[in-house]
Amino acid sequence: MVTPRAIVQLLNYAATQPWGEIYRSSLPIAGEDGTLSERMKNTAAEGRIFAKTGTVEHVVALSGYATTTRGAHLIFSILGNNNSLHAQTADAVLDAVAVAMIEELGPAPERKRKK
């Protein structure tokens, strides 16, 4: 048993190591390869999420690194425990949260000043 906070702490530690970029680049990319090749295609998250998936009976997970449309760099862990959803439905929920994270998080866009 592990918490999302513990996973984020581990991923943060990895990111600060000399091998951190190699580790990050080894993770599947949303909409491009590995276990995420068919997930989040044609969304704002495609190519912006480097993450590991996980599925065990009644548990789904998505944890890794992301860059939002606003340029913020995130480390995240989403765990769905004790759910009764079918795997594809559970994955769709995680994907929707990930897409929303990519679209909404980060600094607010700067407003143009009126002269």
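Up top is the structure these notes are about.
The structure reproduced in this document is the subject of the present report. (Residues numbered from 1 in each chain as written. Predicted model: local features only at pLDDT ≥ 70, side-chain atom pairs only at ≥ 80, totals over all residues. Heavy atoms only, no water.)

## Focus: the overall build of the protein
Here is the rule: Each helix is a run of H or I in the DSSP string that is no shorter than four residues. Each strand is a run of E no shorter than two, and both are numbered from the N terminus. Contacts are assigned to residue pairs with any non-hydrogen atoms lying within 4.5 Å of each other. Residue exposure ignores everything except the shown protein chains as possible cover, and the areas themselves are Shrake-Rupley values with a 1.4 Å probe. Think of it this way: Lys and Arg go in the positive column, Asp and Glu in the negative one, and His and the chain ends go nowhere. By convention, charge coordinates are those of NZ in Lys, CZ in Arg, CG in Asp, or CD in Glu.
For the protein, the helix and strand inventory stands at three helices and three strands. Shown N-terminal to C-terminal, the secondary structure of the protein runs as helices and strands in the order α-α-β-β-β-α. For the protein, the C-alpha atoms occupy an extent of roughly 60 × 35 × 25 Å along the three principal directions. Within the protein, residue pairs in contact and separated by at least 24 positions form 45% of the contacts whose partners lie at least 6 positions apart. By element, 55% of the accessible surface of the protein is carried by carbon and sulfur atoms, the whole surface being about 7,800 Å². Here the protein holds 12 positive side-chain charges and 11 negative ones, and the gap between their average locations is 14 Å.

## Examining the pattern of salt bridges
Under the convention used in this document: The working definition used for a salt bridge is a side-chain nitrogen of Lys or Arg within 4 Å of a carboxyl oxygen of Asp or Glu. Exposure categories follow from relative accessible area, calculated using a 1.4 Å probe and restricted to protein chains: below 20% of the type maximum is buried, above 50% is exposed, and the middle band is partly exposed.
Taken as a whole and assessed by the stated rule, the structure comprises three salt bridges. Arg39 is paired through a salt bridge with Asp91; the nearest N and O atoms lie 3.7 Å apart. Of the two residues, Arg39 sits in the loop between helix H2 (20–25) and strand E1 (49–56) while Asp91 sits in helix H3 (residues 87–104), which places them 52 residues apart along the sequence. A relative accessible area of 11% places Arg39 in the buried class. Across the pair Asp95 and Arg39 runs a salt bridge, and its minimum N-O distance is 2.7 Å.

## Examining the environment of Gly71
Here Gly71 lies in the loop between strand E2 (59–67) and strand E3 (73–81). Residues Gly71 and Ala96, 25 residues apart in the sequence, show an inter-C-alpha distance of 19 Å.

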